[in-house]
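Single-letter residue listing:
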Amino acid sequence: MLELNNIYKSFNVGTIDEKILFQNFNLNVKNGEFVAIVGSNGSGKTTALNIVSGDVKPDSGSVLLDGKNITKQKNYQRAAKIARVFQNPSMGTSPSMTIMENMSLADNKGKRYDLTKGLNTKRRDFYRSQLELLGMGLENRMETQTGALSGGQRQALALIMATMKTPTLLLLDEHTAALDPKSSDIVMTLTEKVVKEKNITTLMVTHNLRYAVEYGTRAIMMHEGGIVLDISGEKKKQQSINDYLKIFNEISIECGN
Amino acid sequence: MPILIGILEQGAIYGIMALGIYISYKILNFPDLTVDGTFPLGAAISAALVTRGVNPWVCLLCAIIAGALAGSITGILHIKCKIKDLLSGILVMTGLYSINYRIVGMPNMFLMQKPTIFGGIRFPKALFPFRYIIVLFVIVLFVKILLDLYLRTKSGFLLKSVGDNEGLVVTLGKNPGTVKIIGLSIANALVSLSGALYCQRAMQFDISSGTGTMVMGLAAVIIGTTLFRKIRFMNVTTGVILGMIIYKACITAAISSGLRSSDTKLVVTVLFLLTMLLNSVMNKSEGGRKNA
Ligand SMILES: Nc1ncnc2c1ncn2[C@@H]1O[C@H](COP(=O)(O)OP(=O)(O)O)[C@@H](O)[C@H]1O
Ligand SMILES: [Mg+2]
């Protein structure tokens, strides 16, 4: 359903800062897969997601979604099918607007943003029920500006908003990295639940190896713009944190550090 | 009494301008200097059309359209040509100077006995001295309510979120650039309307009447949003208009205390700095309480 074919990407070409990241990078994700992506800093995880979302243009190569070549589409055009939650909790909501306003905004995705009423009061009960599931007490704070919420609360809200209109593909880029361990676990549990219930194909970059072990149907490890490990199914289930760490260490030794 | 009415009249006229700055500066986070050109643009169109016998209300409408056009050009320069926000505004403002001159054909002009929006309405004798302020307040109220209503629509929600978090608009599948261009059009339409009203009230056009528009509007927005933040039931837009009235009162007080009218621009600057000071003091005391 998602194909990255022969992707090449370099930054700052022709300067001393030149960085050749992807050379013939390929990735094929099947419908319904929940892919956990791990890898060292600078291995290209974020750039790979940005190429999928259209925030970064590859030098060459193609991106296919549901068999359709979307390489030339702009980020906001791709957003019709692709949803995204970022590492920074403030990027998923509009801070000066209330929870209710934010949810109404997200609920209207795919439709026109015209001169009809912005607040979707008819769906208030539905929004409330969604918030109740979080167990964060947000259902009683629907008139609060999201800028006043904690990182964990905002991230949980961002996830609900991103998946309110079921996307074809969900991109999560270290979406729990900025949170304390407890909020991090809450958001991760919510992620698993939403992804399973709505059967959304998902790419999740995570810094947390435990999450890569516990969640997802497929795990990918990246290193210096390449994929060094790609396991799924039974094989993934048997992989332990130590197995991941071993590969990590081997890679580091190869690099000589 | 006449002084008070003068302040209220000015507050109403320039309050509409401040609402425009509220959209560009506060909502869109865009320091838009186009306004120094769109205020006299509205005045120029009003002057040129009124003297040619066009219905004064139609003149206002034309000013609104022209202002929207100027705002969208600034937006297009910024979004499509990737020119910095400040520079885009300055470019359009500079260009408008010549355009405004062309529209009127001279640097200043008096409307003499031409009919304006204030002349067309019959007032009872008792209210006649207040005819300007009544008409202006009805207009400013109408604009304010219209803007409030717009900000509650889906389109208005998108406008608010684009200044807040552009990335969110992208994830909603909308082009944030387009939303910004629309926002700048609305902002400059209001500023141009304000200029057109000023022209019909003062019965004159002056090519340099736009100098300092941005600074004046910004001061009113900051006064309005900081001073009245605590009052729950009051809309921000009401605060902005009241902010402009307070601002005009301060200017009037400064001038009547013996300064010359040529000192106004300096007073404007000092007042602006005082407002910023007030803003940071209020923010600090609030932040302190939050942290405590
Ligand atoms: N806009 C950019 N300009 C220059 N270099 C970049 C840019 N984006 C990413 N890079 C480089 O590409 C490499 C991969 O970055 P990134 O995809 O953010 O890695 P990861 O998310 O795996 O930590 C890094 O070396 C980074 O410095
Ligand atoms: Mg990253």
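Here, every reference points to the structure presented above.
One structure accompanies this document, and this report is about it. (Residues numbered from 1 in each chain as written. Chains lettered and ligands numbered in written order. Predicted model: local features only at pLDDT ≥ 70, side-chain atom pairs only at ≥ 80, totals over all residues. Heavy atoms only, no water.)

As a further point, take the overall build of chain A. Across its full length, chain A carries nine helices and 10 strands. Whereas a compact globule of 257 residues would reach a radius of gyration of roughly 18 Å, chain A reaches 19 Å, a difference of no more than 12%. Structurally, chain A occupies a C-alpha span of about 55 × 40 × 35 Å along its principal axes. Out of the 257 residues in chain A, the part that is buried amounts to 52%. (Helix = DSSP H or I, 4+ residues; strand = E, 2+ residues; numbered from the N terminus. Rg over C-alpha atoms; globule rule 2.2 N^0.38 Å. Buried < 20%, exposed > 50% of the residue type's maximum accessible area, 1.4 Å probe, protein only.)

What follows concerns the state of the cysteines. Here, disulfide denotes a covalent bond that connects the sulfur atoms of two cysteines. Residues and elements named next belong to chain B. For the coordinates displayed, the defined rule picks out zero disulfides over all chains. Cysteine Cys59 remains unbridged, with the sulfur of Cys62 as its closest cysteine sulfur at 6.4 Å. Accessibility expressed as a relative area gives 0% for Cys59, which makes it buried. (Disulfide = S-S within 2.5 Å.)

What follows covers unusual backbone geometry. Residues and elements named next belong to chain A. Its identity as a non-glycine residue notwithstanding, Asn6 has a phi of 45°, on the positive side. The topology assignment puts Asn6 in strand E1 (residues 2–11). By relative accessible area, Asn6 is classed as partly exposed at 42%. At Asn12, a residue that is not glycine, the phi angle is positive and equals roughly 50°.

Residue and element names in this part refer to chain A. With the rule as written, the count across this model stands at 15 salt bridges over all chains. Of the charged contacts, one joins Asp185 and Arg210 as a salt bridge, the two residues approaching to 3.3 Å between their closest N and O atoms. A residue pair is termed long-range when its members are at least 10 positions apart, and Asp185 in helix H6 (residues 181–198) and Arg210 in helix H7 (residues 209–214) qualify at 25 residues. Exposure remark for Asp185: the relative accessible area of 31% places this residue in the partly exposed category. Residue Arg210 is classed as partly exposed on the basis of its relative accessible area of 33%. The partner of Arg210 in a salt bridge is Glu214, with the nearest N and O atoms 3.4 Å apart. (Salt bridge = Lys/Arg side-chain N within 4 Å of Asp/Glu carboxyl O.)

Glancing now at helix H5 (residues 151–164) of chain A. Its 14 residues give H5(A) an end-to-end C-alpha distance of 20 Å, which sits within 8% of 20 Å, the value for a rise of 1.5 Å per residue. In terms of residue burial, H5(A) counts as a mostly covered element, since 13 of its 14 residues are buried. (Expected span 1.5 Å × (residues − 1).)

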